[in-house]
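Coordinate analysis (summary)
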Amino acid sequence: LERPALDKAAGEEFLQEAFQILLEEAVRKGTDVAEKVCDWKEPPELRELLDLELRDHGEPAQRLLERCRDVIRYSVKTCERGGADPGGARLIPTGTGSRPIPAWQAEAAYTYEIAPVFVLMEEVVLAKLRELVGWSSGDGTFCPGGSISNMYAMNVARFRRFPESRQKGGRALPRLALFASQESHYSVQKGAAFLGIGTDNVFLVRADERGKMIPEELEKEIGRAKGEVRLRHSPGGSSARPLSPAAVPLSPVPTCCPAPRCTAAWGGSALLSRKHRHLLAGIER
């Protein structure tokens, strides 16, 4: 904006116009089956239409409102019935209405002193999620996505087995191995590289035609790793391949490879379903 935050009345007027655009273009049209799911443009054309160049000067409010319309127009309407977004959910008015509250409060939930209400809400939600998994105690954190969630889980697994890793670092540890389905998310390999485990020490376990890890193949890979790297392992697991309904039967997973922590991204929502939660039987391990 030109002269940001200097004119309170103009700021309120801008917010009212912006939310009117959101209500009309994103909510009403975005949930109307008569509207397109997406006004598709190829990348070169879309770059020209959106004018994405970063400039040194601000822009008037009306230009920013035009940009709001353009962003909505050329985005995929995931909440429309014809849309099939594999990584998100449809628009729910009550949830959408709650999203601006943290932004308006300008609070980030780092500590209780900064965001007392949101920190308490986080603790309650995490406690309920642990209850759904089957744990009576524990801790947790909300993550910005599946990639960092997998990396956190790998790091916690390593710390639980080798708590000295926090002080001494990876060079003081024995060679570790990590096991995941061959259909697992690319973040498993990425996490192994980031954490110093090494991608050569990631053992991918064969899956069946539906993408489900085969528990017997996991036992074979553990045996192979023991012979190759004198295994003292940091176990990893994947209950389903990314964006797929294929679930791994967790109960038969060998007890020699207990999962010390779990992440629940896309498939974790099955825990909320009385009909489908059996697919995650054994996750409490």
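Just above sits the structure.
Residues numbered from 1 in each chain as written. Predicted model: local features only at pLDDT ≥ 70, side-chain atom pairs only at ≥ 80, totals over all residues. Heavy atoms only, no water.

Glancing now at unusual backbone geometry. Of note, D51 is a non-glycine position whose phi angle comes to about 50°, a positive value. Note that D51 resides in the loop between α2 (43-50) and α3 (61-73). Assessed through its relative accessible area of 23%, D51 is described here as partly exposed. (Helix = DSSP H or I, 4+ residues; strand = E, 2+ residues; numbered from the N terminus. Buried < 20%, exposed > 50% of the residue type's maximum accessible area, 1.4 Å probe, protein only.)

So, about the pairing of strand β2 (residues 202-205). Bridging between strand β1 (residues 178-181) and β2 involves four bridges; their strand directions are parallel. Across the sheet, residue L178 finds its bridge partner in β2, namely V202. Between the parallel pair β1 and β2, the chain is carried across by helix α9 (residues 187-194), and the sense of this crossover is right-handed. (Pairing = 2+ DSSP bridges. Right-handed = clockwise from strand over helix to strand, strands pointing away.)

Take a nonpolar patch on the surface next. Judged by side-chain polarity, L15, F19, L22 and W104 come together as a nonpolar surface patch covering roughly 410 Å² of accessible area. A total of three residues in the nonpolar patch trace back to one element, the largest contributor, which is helix α1 (residues 8-28). With respect to the helices, strands and loops of the structure, L15 is situated in helix α1. (Patch = residues over 30% accessible without salt bridge, like charges linked within 9 Å, V, L, I, M, F, W, Y side chains within 5 Å. Areas by Shrake-Rupley, 256 points an atom, 1.4 Å probe, with all protein chains shown as cover. Salt bridge = Lys/Arg side-chain N within 4 Å of Asp/Glu carboxyl O.)

With that out of the way, let us pick up the packing of α1 against α3. Two elements in contact, α1 and α3, have axes whose closest approach is 10 Å; the angle formed by their N-to-C orientations is 20°. The angle between α1 and α3 places the two elements in the roughly parallel class. Here α1 and α3 pass one another in a crossing that is right-handed. Residues F14, E17, A18, I21, L22, E25 and A26 of α1 form the contact with α3, whose participating residues are A61, Q62, L64, L65, C68, R69 and I72. Across the contact of α1 with α3, the residue classes tally to 10 nonpolar, one polar and three charged. (Axes fitted to C-alpha atoms, helices over the stretch in contact; angles between N-to-C directions. Parallel < 35°, antiparallel > 145°, perpendicular 65-115°, else oblique. Left-handed = near helix turned anticlockwise from the far one by under 90°. Contact = heavy atoms within 4.5 Å. Nonpolar A, V, L, I, M, F, W, Y, C, P; charged D, E, K, R; others polar.)

These figures capture arrangement, not role.
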